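Chain residues, written in single-letter form:
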Amino acid sequence: LSKADLVLIATPVSGLRASVQVVHESRPGLPLLWACKGFEQETAFLPHQIVDQVAPGLLCGTLTGPSFAQEVARGLPAAVTLASRDTGFAQGTARELHQSTLRIYYAEDLVGAEVAGAVKNVMAIAVGVCDGLSGSAPDAPGLAGITAEVVPGITAALASAAALKRSIQINGISGLCVTKLDVL
């Protein structure tokens with residue numbers, strides 16, 4: 001960490017708090033991104049709330065779908081969203097991490113991006129259950145699940161004063177489509 005300009009933490013939410021603590025103790029103020037989705041089981045915190053509690057005021061953000069880690073690792077074209085409350089950090093970091101096969105969109109709506117990712121995962125599970133019950137894929141109930149995410153996603157985004165275009169459209173809906181259609 002001594003020469004790092006940025007840290008990317010790619011753990012489940014359950015490991016985020018300890019990881020941020022290690023980074024913060026080693027290099028206070030070192031900017032970081034996380035790639036986990038969901039809520040911390042013990043506190044029901046979103047990832048940014050965990051980071052705010054462990055390292056208040058830290059320059060930080062989330063790196064979230066729509067993508068599969070497998071796509072990125074194989075060098076296949078993929079797109080992700082980098083969301084941060086600091087526009088300059090989001091823009092600059094997205095520009096630095098952008099690659100020919102990895103398009104990175106930036107967004108100012110950190111909460112909306114996190115909620116979209118968490119909602120997408122819940123909806124993907126529900127769509128999978130529909131597929132399992134029907135014995136076929138893709139089918140009308142599964143595709144209805146994709147559409148069903150739009151309204152809750154928009155509602156959650158509006159509740160957090162979201163930037164709808166990037167947080168929901170890119171991360172939530174596209175992520176669910178990629179998950180549902182299982183293109184890999």
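Residues numbered from 1 in each chain as written. Predicted model: local features only at pLDDT ≥ 70, side-chain atom pairs only at ≥ 80, totals over all residues. Heavy atoms only, no water.

Colleague: So what exactly am I meant to see when it comes to the overall build of the protein here?
Modeller: Each helix and strand counted, the protein has seven helices and five strands in total. Reading the protein from its N end, one meets helices and strands in the order β-α-β-α-β-α-β-α-β-α-α-α. Looking at the protein as a whole, 42% of its 184 residues qualify as buried. Restricting the contact set of the protein to residue pairs at least 6 apart, pairs at least 24 apart contribute 67%. In the form shown here, the protein has an accessible surface area of approximately 9,300 Å², with 60% of it arising from carbon and sulfur atoms. (Helix = DSSP H or I, 4+ residues; strand = E, 2+ residues; numbered from the N terminus. Buried < 20%, exposed > 50% of the residue type's maximum accessible area, 1.4 Å probe, protein only. Contact = heavy atoms within 4.5 Å. Areas by Shrake-Rupley, 256 points an atom, 1.4 Å probe, with all protein chains shown as cover.)

Colleague: I would appreciate a short explanation of unusual backbone geometry in the present structure.
Modeller: Keep in mind that most residues, glycine aside, have a negative phi and that most peptide bonds are trans. Of note in this structure, Ala 44 is not a glycine but carries a positive phi near 65 degrees. With respect to the helices and strands, the residue Ala 44 is situated in the loop between strand E2 (32-34) and helix H2 (47-54).

Colleague: I tried to follow the nonpolar core on my own but got confused; where do I start?
Modeller: Counting 20 residues, the largest nonpolar core has Ile 9, Leu 16, Val 20, Leu 32, Trp 34 and Val 51 as the members making the most contacts within it. For this core, the secondary-structure elements that each account for two or more residues are strand E1 (7-9), helix H1 (13-26), E2, H2 and helix H5 (110-134). For this core, the leading source of residues is H1, giving four residues. Leave out the neighbours within four places in its chain, and Val 51 touches Leu 16, Val 20, Leu 32, Trp 34, Pro 56, Leu 58 and Cys 60. Formed by ten residues, the second largest nonpolar core is a distinct cluster that contains Leu 33, Leu 63, Ala 78 and Phe 89. (Core = buried A, V, L, I, M, F, W, Y, C linked by side-chain atoms within 4.5 Å.)

Colleague: Any chance you could explain the pattern of salt bridges here in plain terms?
Modeller: Any two side chains of opposite charge can pair, so long as their charged atoms come close to each other. As enumerated under the stated definition, the model contains two salt bridges in all. Where Arg 17 meets Glu 40, a salt bridge forms, and the shortest distance between an N and an O atom there is 2.8 Å. In this pair, Arg 17 sits in helix H1 while Glu 40 sits in the loop between E2 and H2, placing the two residues 23 residues apart along the sequence. For Arg 17, a relative accessible area of 24% translates into the label partly exposed. The closest approach of N and O atoms between Arg 85 and Asp 52, which form a salt bridge, is 2.7 Å. Here the residue Arg 85 occupies a position in the loop between strand E4 (78-83) and helix H4 (87-97), and Asp 52 occupies one in helix H2, the gap between them amounting to 33 residues. (Salt bridge = Lys/Arg side-chain N within 4 Å of Asp/Glu carboxyl O.)

Distances and angles like these do not, on their own, reveal function.
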